[in-house]
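One letter stands for each residue in the lines below.
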Amino acid sequence: MRIATRRLLREWKHYNRTVRQDEALFYMKPHDSNMFVWHVVLRDFKQTGHELYILLYLHQLENDNSIIVMKCLTPNNKLPINRNVSLTHLQNLLLLEHGFVKLIDHIWGMFFRTTDTLMNNNTQINSRLCYSWNRIVCKDFVRVFPELCGLLQEGDYDLVKSYRHKLNAIQSQNSSNCSTTKPMDDSFYFGFNKGIPPSNGLTHNFLACDSRPSHKHGGEIIEEMQSSLKRRRC
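What counts, and at which threshold
- Per chain, the residues get numbers from 1 upward, laid out in the order the sequence is written.
- Confidence filtering applies because this is a predicted model: local features only for residues at pLDDT of at least 70, side-chain atom pairs given and counted only at 80 or more, and all residues used for totals across whole chains, interfaces and linings.
- Water and hydrogen atoms play no part in the side-chain values, which are based on all heavy atoms of the structure.
- Residue exposure (1.4 Å probe, protein chains only): buried if accessible area is under 20% of the type maximum, exposed if over 50%, otherwise partly exposed.
- The way it works is that DSSP assigns letters per residue, a run of H or I at least four long becomes a helix, a run of E at least two long becomes a strand, and they are numbered from the N terminus.
- Should DSSP find at least two bridges between two strands, the strands are taken to pair.
- The axes are straight lines fitted to the C-alpha atoms, using for helices just the contacting stretch, and the angles between their N-to-C directions are given from 0 to 180°.
- Oblique is the label for any angle not covered by the other classes, which are roughly parallel (under 35 degrees), roughly antiparallel (over 145) and roughly perpendicular (65 to 115).
- The contact rule is simple, with two residues in contact once any of their heavy atoms fall within 4.5 Å.
- Just so you know the grouping, Ala, Val, Leu, Ile, Met, Phe, Trp, Tyr, Cys and Pro go in nonpolar, Asp, Glu, Lys and Arg go in charged, and all remaining residues, Gly too, go in polar.

The chain is annotated in an unreviewed UniProt entry as Ubiquitin-conjugating enzyme suppressor 1 from Candida glabrata.

Listed below in structure tokens is the structure:
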């Protein structure tokens with residue numbers, strides 16, 4: 001089944017027209033008019049106050065099958081930062097009756113429709129860190145979503161610098177802390193309990209991601225994701 005780019009565009013425009021920006025759970029924009037690469041901001045200001053910035057890559061294979069890859073660029077307690085995560089098993093949400101907006105809503109629920117919060121096991125990750133990180137570290141966030149930027153506060157740069165230093169220290173000690181299949185938090189469900197069958201032998205508590213973090217900006221990350229997927233096809 002092929003990804004219908006016209007449908008993606010139509011659903012995106014309809015979502016922007018019908019959802020009030022101050023009440024939106026997520027914001028999404030294509031990367032430089034490329035309907036297969038999307039910048040997405042997930043927000044949960046009513047409960048946790050967290051904001052996550054992710055890249056979503058929709059890859060069409062020659063056999064008409066599709067691959068969905070996500071990279072979370074904001075620190076969180078659910079997924080490793082700056083890693084390619086396969087969401088291909090959720091392609092039915094995108095390609096069948098549910099649609100693109102439902103897929104994004106499902107991803108939002110992976111982070112926020114759970115019994116715990118993003119900072120359950122890591123008290124260093126709070127809403128202010130997420131907010132500051134997106135505006136200081138993620139250059140494409142400011143470029144793609146200028147309407148969401150707002151203002152930084154005194155101490156935000158020190159907060160980001162401190163966490164980044166600790167993150168680099170952890171990654172240098174254990175550069176392979178994410179293997180091809182890694183057990184993860186049970187609360188981060190992949191939709192199998194929602195009637196969506198697993199594919200490629202994946203189970204609900206396993207995460208497929210790459211083995212090395214990336215500190216590149218959005219455009220370089222997208223090229224990296226595309227190259228990685230091409231290598232897997234060979």
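There is more to say, and it comes next.
Novice: Mind laying out the pairing of strand 4 (residues 66-72), listing which residues take part and the relevant values?
Specialist: The buried fraction of strand 4 is high, at 7 of 7 residues. Residues Ser66, Ile68, Met70 and Cys72 point to one face of strand 4 and Ile67, Val69 and Lys71 to the other, with burial holding for every one of them. Of the pairings in the sheet, the one linking strand 3 (residues 50-60) to strand 4 comprises 7 bridges and is antiparallel in character. Each bridged residue has a counterpart across the sheet, and for Leu58 the counterpart in strand 4 is Ile68. Pairing of strand 4 with strand 5 (residues 84-86), which is carried by 3 bridges, proceeds in the antiparallel orientation. Residue pairing for strand 5: Val69 is matched across the bridge by Ser86.

Novice: Provide a residue-level description of the packing of helix 4 (residues 127-136) against helix 6 (residues 156-173), including the pertinent values.
Specialist: Their axes nearest at 9 Å, the elements helix 4 and helix 6 cross at an angle of 90 degrees. Classed by the angle they form, the pair helix 4 and helix 6 counts as roughly perpendicular. Note on element contacts: helix 6 touches helix 4 through Asp156, Tyr157, Leu159, Val160, Tyr163, Arg164 and Leu167, opposite Arg128, Leu129, Ser132, Trp133 and Ile136. The class makeup of the residues in the contact of helix 4 with helix 6 is 8 nonpolar, 1 polar and 3 charged.

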